[in-house]
Amino acid sequence: MRLDPKALRYMSNDDFRVLTAIEVGSRNHDIVPAPLIAQLSHLRGGGANKRIGDLIKRKLIATEQSSKYKGYKLVYAGYDYLALRTLSKRGTVTSVGNQIGVGKESDIFVVAGEDEKEVVLKLHRLGRQSFRNVKLKRDYFRQDQSPSWMYMSRLSAMKEYAFMKVLYENGFPVPVPVDQNRHCVVMEFVEAFPLRQISQVGEPGKLYSKLMDLIVRLAKYGLIHGDFNEFNILLKDDGTPILIDFPQMVSTSHPNAEFYFNRDVDCIRTFFKRRYNYESVLYPKFGLDSNKEFDLDVQVAASGFTKKDQTQLENYMNELNNHASNSGEDYADEMPSDEEFVYESDEDGENGNEEVLDNTKSATDTDQDSDDEDYIVETDRLGNTIRRKRIPDTAKNDGADE
């Protein structure tokens with residue numbers, strides 16, 4: 001989904017009061033009626049209706065008709081604007097640049113703050129695939145509360161930021177967490193490539209040991225990544241692995257902890273055998289190599305992401321996985337992994353595709369095809385073979401037209 005922040009410069013405080021009113025009203029209403037919007041926004045004399053009309057034209061909200069009344073719903077574009085406005089006021093995000101990655105449940109952009117330092121903005125977008133129509137089991141919600149996709153995206157972002165912050169503070173190789181609001185997470189921009197894009201490494205055995213040691217170290221600190229694979233590991237030029245994407249991370253006290261631990265280990269073993277023709281008889285085993293020594297899972301709970309939040313998010317993800325199994329759909333193959341960064345060439349920046357608009361810049365789309373012929377093969381200074389995404393001429397022309 002494209003992030004187009006151009007309209008931010010034209011929006012007034014009253015526009016955002018209406019957006020916020022719809023966001024608040026959505027907590028108890030699937031469709032928020034106009035009288036409630038006027039009440040929550042404190043706009044009288046038809047002021048709310050005028051703003052509603054403007055927001056519909058900008059495609060920030062949508063109109064829906066129930067059997068009882070006509071109302072309005074916040075869409076992801078409107079939710080993006082609310083988060084960007086908050087991050088802009090904090091000075092965290094003052095300009096938005098190119099889109100560098102896309103995943104089945106997220107969009108990733110390069111942005112900058114008041115210090116003009118480039119950072120990464122990740123927008124969680126749970127439910128945007130075919131599973132948006134899944135009827136969830138709602139035992140973990142109040143009877144009068146529906147599981148909003150935006151609410152679950154917010155929980156996912158809260159979880160990722162909480163885990164990233166705790167891991168960074170304890171010396172783990174993760175991006176520096178910068179800020180979080182609603183469904184958005186801002187983190188350090190890491191100069192590295194996803195492991196899945198690296199065709200060859202100088203010493204596969206050494207890298208294999210580093211990754212297995214990282215799995216064990218996480219377990220000793222009371223955590224299991226849950227999605228430890230080539231999509232969620234970045235490799236820097238000096239051979240240092242950087243761990244990313246934490247929405248599926250669980251505690252070692254989780255009922256299915258052993259399953260998640262073994263799955264992480266098997267993902268690395270399978271990838272190294274397939275990609276680098278490397279196989280080792282040595283690998284960590286849950287229980288023998290995962291004796292808990294620290295309680296980072298407890299620190300995460302103390303940071304604000306509660307056990308209740310964790311339960312709601314896990315149940316939601318389980319419903320998606322169950323639906324995929326029952327319907328025969330391969331959810332993992334619908335889109336690339338959340339953190340599959342696709343770096344564009346420097347030509348876009350030289351051609352001036354980034355447009356400053358008040359506190360924002362417009363973003364360009366990236367082509368997400370994964371065929372081998374769409375990659376440029378390069379070698380870094382350590383001898384690692386890197387496959388960089390090739391940007392088709394048509395995509396560049398489209399970006400220039402915009």
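Note that the coordinates shown come from a computational prediction; the quantities given were computed from them, not determined experimentally.

**Q** In this structure, what is going on with the sheet that holds strand β12 (residues 233–235)? I would like to understand it.
**A** The pairing of strands in a sheet happens through backbone hydrogen bonds and is either parallel or antiparallel. Reading across the sheet, the three strands line up as β9-β12-β13 and stay open at both edges, with antiparallel pairing between neighbours. Since the sheet does not close on itself, it has two edges, and those belong to β9 (193–194) and β13 (241–243), each with one partner. Across two bridges, β9 lies against β12 in antiparallel orientation. Within β12, the position partnered with Pro 194 by the bridge is Leu 234. The strands that helix α6 (residues 204–220) touches are β12 and β13; relative to β13, the one it contacts most, it runs at about 30 degrees.

**Q** Sorry, what's going on with helix α3 (residues 47–57) here?
**A** An α-helix turns once every 3.6 residues. As a result, residues three or four positions apart point the same way. Within α3, burial applies to Ala 48, Arg 51, Ile 52 and Leu 55. Along α3, the residues classed as buried sweep out an arc of 105 degrees about the axis, all on the same side. Opposite the packed face of α3, turned more than 90 degrees from it, sit the exposed residues Lys 50 and Lys 57. Just downstream of α3, Lys 59 is the residue with a positive phi angle, here 60 degrees.

**Q** Would you mind going over the side chain of Gln 180 with me for this structure?
**A** Position of Gln 180 among the secondary structure elements: in strand β7 (residues 177–181). Relative accessible area serves as the criterion here: at 18%, Gln 180 is assigned to the buried category. Within the structure, the side chain of Gln 180 is placed 2.9 Å from the backbone oxygen of Arg 182, a separation counted as a polar contact. Leaving out residues up to four positions away in the same chain, Gln 180 has contacts with Arg 90, Arg 154, Ala 157, Met 158, Tyr 161 and Val 185.

**Q** How should I be thinking about helix α4 (residues 76–90) in this particular structure?
**A** End to end, α4 covers 21 Å across 15 residues, agreeing with the expected 21 Å (1.5 Å per residue, within 8%). Count one or two residues on from α4 and you reach Gly 91, which has phi positive near 85 degrees.

**Q** Can you walk me through the pattern of salt bridges in this structure?
**A** Two side chains bearing opposite charge may form a pair once their charged atoms approach each other closely. Scanning all chains against the criterion turns up 15 salt bridges. Put simply, Arg 182 and Glu 23 hold a salt bridge, and the shortest N to O gap is 2.9 Å. Note that Arg 182 is positioned in the loop between β7 and β8 (184–188) and Glu 23 in helix α1 (residues 13–25), a separation of 159 residues in sequence. Each member of the pair Arg 182 and Glu 23 is classed as buried. Ionic contacts of the salt-bridge type, sharing partners, join the residues Asp 14, Asp 15, Arg 17, Arg 51 and Arg 58 into one network.

What counts and what doesn't
Residues numbered from 1 in each chain as written. Predicted model: local features only at pLDDT ≥ 70, side-chain atom pairs only at ≥ 80, totals over all residues. Heavy atoms only, no water. Pairing = 2+ DSSP bridges. Helix = DSSP H or I, 4+ residues; strand = E, 2+ residues; numbered from the N terminus. Contact = heavy atoms within 4.5 Å. Axes fitted to C-alpha atoms, helices over the stretch in contact; angles between N-to-C directions. Buried < 20%, exposed > 50% of the residue type's maximum accessible area, 1.4 Å probe, protein only. Arc of directions from axis to C-beta. Polar contact = N/O pair within 3.5 Å; in protein donor to acceptor, adjacent residues only side chain to side chain. Expected span 1.5 Å × (residues − 1). Salt bridge = Lys/Arg side-chain N within 4 Å of Asp/Glu carboxyl O.

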